[in-house]
Amino acid sequence: MSRLRALLRRLVPSGGTAERVVKSAIWAMGQNAFGRILQLVMLLVLARLIGPTQIGLVGVALLALSGIKKFTNVGLDAALVHDEDENVDEHLNTVWILEIARGAIISGVLFLAAPFIAQILGDGNVESTTTLIRVIALSPLLLGFKNPGMVYFQKNLDFHKQFVYRVGGDVVQVVVAIAWALVSPTALSLVAGYVASDLLRLVLSYLLHDYRPGLGFSRESAGELINYGKWITGSSILYFLYSEGDDFFVGAFIGAAPLAFYQYAYRFSNAPATELTSVISSVMFPAFSRLQNDAEQLRSTFKKTLRVNAFISAPVAFGIAVVTPDFVMVALGEEWTSMVLPMQILAIYGFLRALGQTFGPIWKALGRPDLLTKLGALRVALIAIAIYPVTITWGYGIAGTAAVVTAIYIVPMMPIDIYITAKMLEMHWSETVREIAFPVAASAVMAGTVWYVDSLIEFPAIAELVVGIVVGAVTYFAMVALLEHQFHWGIRSNIQGIVASARR
């Protein structure tokens with residue numbers, strides 16, 4: 001225990017910007033990894049306890065909540081993080097009032113609109129879906145009162161406190177949801193877990209930061225914050241449309257059970273790649289903001305960040321795609337095999353999303369959050385054009401939906417992202433492609449090797465899954481070592497630098 005405490009003390013973010021970024025990234029990575037593992041364990045247990053149709057109804061409630069939250073996100077925290085002043089206390093009371101009002105509006109709209117949403121997406125279970133939506137409407141009301149001083153966790157790169165806040169809620173959610181489902185195996189168990197987690201996070205927000213908000217409100221402060229955050233609002237709405245609009249489409253046109261298959265395929269395929277690298281967005285935005293006036297340092301930091309991001313996310317995504325059939329049989333059972341092909345397709349989408357989390361923080365740090373909105377609008381338009389004919393008219397179902405969102409990210413969105421970022425950083429686009437190409441090549445060889453080995457053996461699904469993971473890990477690291485030796489990729493020095501910073 002003494003060694004563990006000593007290690008945790010060393011990992012408390014301190015020192016210069018580079019050292020704080022590394023240590024904060026470790027905390028954020030741990031938060032996302034631990035939290036996602038808890039979430040996936042909960043989903044696996046509930047998948048067997050309550051079944052796909054009940055989980056699909058919860059998906060409808062969460063979809064309604066997510067949609068209204070995205071449409072009312074005015075980007076207040078992003079504006080405070082971008083502010084060059086270290087002390088933003090003058091804005092916090094205003095932020096608190098705005099967030100309370102937003103939470104009340106979201107809860108009220110959800111409560112009143114619940115029957116109409118249930119009629120459209122409830123797949124015939126109107127009464128049950130209405131109840132679920134109205135219960136989950138408590139969450140935004142609770143979080144509206146959270147301590148606005150928590151923005152300093154991100155602004156000052158104090159992610160060890162953010163870890164306690166997020167993971168504490170995750171633990172409560174899992175415990176409440178599973179305990180409830182064991183007594184009463186219905187969709188309400190999962191919703192109760194969400195509400196319980198947000199109640200704990202409200203309490204933790206005041207225990208972890210000593211700022212105490214008051215009722216003061218400044219119209220000037222609100223105008224300043226909203227002026228920056230208006231583009232965050234637009235990008236947040238568009239993010240919902242292109243990241244969850246497909247969920248809405250599946251729920252409305254195909255049904256609750258297919259929605260559960262699609263959402264589970266999405267979560268399991270995207271979780272490792274995007275959650276492990278979402279630290280890029282949360283940690284690198286404040287880090288990039290500090291470097292916004294140092295072009296050379298910003299460019300160098302971006303390339304190193306993208307390199308590590310691709311090094312982590314590429315093998316995870318390719319690995320998931322190749323072991324999905326065994327994973328579904330082992331973890332969920334034969335009832336869930338309809339999600340295999342969509343999950344394999346969405347694994348590649350997860351890799352692209354992970355890469356995208358490196359570009360967005362650069363645009364926001366350089367004062368161009370409008371790019372998120374404008375490119376999001378293009379992406380939504382392309383998905384809207386293609387999703388109905390591929391999914392319904394041509395009869396590809398949820399696999400077609402997955403193919404549409406993935407293909408549009410491959411072309412044209414990813415090339416556009418790369419071109420714009422390279423231009424903003426005054427570097428050639430090939431420098432960005434180089435950082436992505438090496439881990440993609442290594443991961444492709446790994447996936448091919450795992451597929452070939454799997455075709456040669458006839459073991460129980462769980463044994464094939466274990467063999468596939470081991471073979472994949474060995475193959476990937478062997479390929480990484482070869483690429484590092486032959487082309488001086490640079491990932492070795494990056495990892496050594498991260499480890500050295502963490503030890504200080």
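Here, the structure is the one placed above.
About the thresholds
- Residues numbered from 1 in each chain as written.
- Predicted model: local features only at pLDDT ≥ 70, side-chain atom pairs only at ≥ 80, totals over all residues.
- Heavy atoms only, no water.
- Helix = DSSP H or I, 4+ residues; strand = E, 2+ residues; numbered from the N terminus.
- Rg over C-alpha atoms; globule rule 2.2 N^0.38 Å.
- Contact = heavy atoms within 4.5 Å.
- Areas by Shrake-Rupley, 256 points an atom, 1.4 Å probe, with all protein chains shown as cover.
- Phe/Tyr/Trp six-rings, centres within 6.5 Å; stacked < 30°, edge-to-face > 60°.
- Buried < 20%, exposed > 50% of the residue type's maximum accessible area, 1.4 Å probe, protein only.
- Lys NZ or Arg CZ within 6 Å of the ring centre and 35° of its normal.
- Patch = residues over 30% accessible without salt bridge, like charges linked within 9 Å, V, L, I, M, F, W, Y side chains within 5 Å.
- Salt bridge = Lys/Arg side-chain N within 4 Å of Asp/Glu carboxyl O.
- Lys, Arg positive; Asp, Glu negative; His and termini not counted.
- Charge placed at Lys NZ, Arg CZ, Asp CG, Glu CD.
- Axes fitted to C-alpha atoms, helices over the stretch in contact; angles between N-to-C directions.
- Parallel < 35°, antiparallel > 145°, perpendicular 65-115°, else oblique.
- Left-handed = near helix turned anticlockwise from the far one by under 90°.
- Nonpolar A, V, L, I, M, F, W, Y, C, P; charged D, E, K, R; others polar.
- Core = buried A, V, L, I, M, F, W, Y, C linked by side-chain atoms within 4.5 Å.
- Expected span 1.5 Å × (residues − 1).
- Bend = angle between axes of the 7 residues up to and from the residue.

1. Section: the overall build of the protein chain
Here's step 1: A count of helical and extended segments in the protein chain gives 20 helices and zero strands.
Here's step 2: Compactness check: the protein chain gives a C-alpha radius of gyration of 22 Å against a globular reference of 23 Å for 504 residues, within 12% of the reference.
Here's step 3: With respect to the principal axes defined by its C-alpha atoms, the protein chain has extents near 65 × 65 × 55 Å.
Here's step 4: Considering only contacts within the protein chain whose residues lie at least 6 apart along the sequence, 81% involve residues at least 24 apart.
Here's step 5: Summed over its atoms, the accessible surface of the protein chain is roughly 21,400 Å², and 66% of this surface lies on carbon and sulfur atoms.

2. Observations regarding the packing of aromatic side chains
Here's step 1: If you walk through the whole model with that rule in mind, you get 19 aromatic pairs.
Here's step 2: For the ring pair Phe 438 and Trp 489, a centre distance of 5.7 Å and an interplane angle of 45° mean the geometry is tilted. Separated by 51 residues along the polypeptide, Phe 438 in helix H18 (residues 429–456) and Trp 489 in the loop between helix H19 (461–487) and helix H20 (491–503) bring together distant segments of the chain. Here the two residues Phe 438 and Trp 489 agree in accessibility, since each one is buried.
Here's step 3: Linked through ring pairs, Phe 311, Phe 438, Tyr 476, Phe 477, Phe 487 and Trp 489 together constitute an aromatic cluster.
Here's step 4: The ring of Phe 111 carries Arg 134 above its face, with NZ or CZ at 4.3 Å from the centroid.
Here's step 5: One cation-aromatic arrangement involves Arg 379 over Tyr 409; the distance from NZ or CZ to the ring centre is 4.1 Å.

3. Thoughts on a negative patch on the surface
Here's step 1: A surface patch of like charges, here negative, comprises Asp 85, Glu 86, Asp 89, Glu 90, Glu 220 and Glu 224.
Here's step 2: Elements supplying a minimum of two residues to the negative patch: helix H4 (89–121) and helix H10 (219–243).

4. Focus: the environment of Thr 449
Here's step 1: Within the secondary structure, Thr 449 sits in helix H18.
Here's step 2: Judged by its relative accessible area of 27%, Thr 449 falls in the partly exposed class.
Here's step 3: Sequence separation of Thr 449 and Gly 35 is 414 residues, and the distance between their C-alpha atoms is 31 Å.
Here's step 4: For Thr 449, the residues in contact, after removing those within four places along its chain, are Val 471 and Thr 475.

5. Some remarks on the packing of helix H15 (residues 340–365) against helix H17 (residues 397–424)
Here's step 1: Their axes nearest at 9 Å, the elements H15 and H17 cross at an angle of 25°. Comparing the axis directions of H15 and H17 gives the class roughly parallel. Of the two elements, H15 crosses H17, and the hand of that crossing is left-handed.
Here's step 2: Of the residues that constitute the contact of H15 with H17, the class distribution is 22 nonpolar, three polar and two charged.

6. Some remarks on the side chain of Asp 326
Here's step 1: By the secondary structure assignment, Asp 326 is in helix H14 (residues 295–331).
Here's step 2: Setting aside anything within four residues of it in sequence, one finds Asp 326 in contact with Asp 454, Ala 461, Glu 464 and Leu 465.

7. Let's talk about the environment of Leu 346
Here's step 1: Checked against the element boundaries, Leu 346 lands in helix H15.
Here's step 2: Residue Leu 346 is classed as buried on the basis of its relative accessible area of 0%.
Here's step 3: Leaving out residues up to four positions away in the same chain, Leu 346 has contacts with Tyr 262, Ala 265, Tyr 266, Ser 269, Asn 270, Ala 402, Val 405 and Thr 406.

8. Some details on the nonpolar core
Here's step 1: In terms of nonpolar packing, the biggest core is built from 114 residues, with Tyr 264, Phe 268, Trp 336 and Met 339 touching the most fellow members.
Here's step 2: For this core, the element with the most residues is helix H2 (residues 17–71), which contributes 17 residues.
Here's step 3: For Phe 268, the residues in contact, after removing those within four places along its chain, are Leu 40, Leu 43, Leu 44, Ile 320, Phe 327, Leu 332, Met 339 and Met 343.

9. Considerations on helix H16 (residues 370–393)
The α-helix winds at 3.6 residues per turn, so residues separated by three or four positions along the chain end up facing the same way.
Here's step 1: Spanning 24 residues, H16 covers 35 Å between terminal C-alpha atoms, matching the ideal 34 Å at 1.5 Å per step.
Here's step 2: The largest bend along H16 measures about 35° and falls at Ala 386, with the proline Pro 389 one to four residues further on.
Here's step 3: Regarding H16, the residues found buried are Asp 370, Leu 371, Thr 373, Leu 375, Gly 376, Arg 379, Val 380, Ile 383, Ile 387, Val 390 and Thr 391.
Here's step 4: Structurally, H16 contributes buried residues whose contacts are with H10, helix H11 (245–253), H15 and H17.

10. Thoughts on H15
Here's step 1: In this model H15 runs 38 Å from its N-terminal to its C-terminal C-alpha over 26 residues, within 8% of the 38 Å that 1.5 Å per residue would give.
Here's step 2: Counting buried residues along H15, 22 of its 26 residues qualify, which places the element largely inside the surrounding structure.
Here's step 3: At the exit of H15 stands Gly 367, carrying a positive phi of roughly 80°.

The values reported here are purely geometric and, on their own, carry no functional implication.
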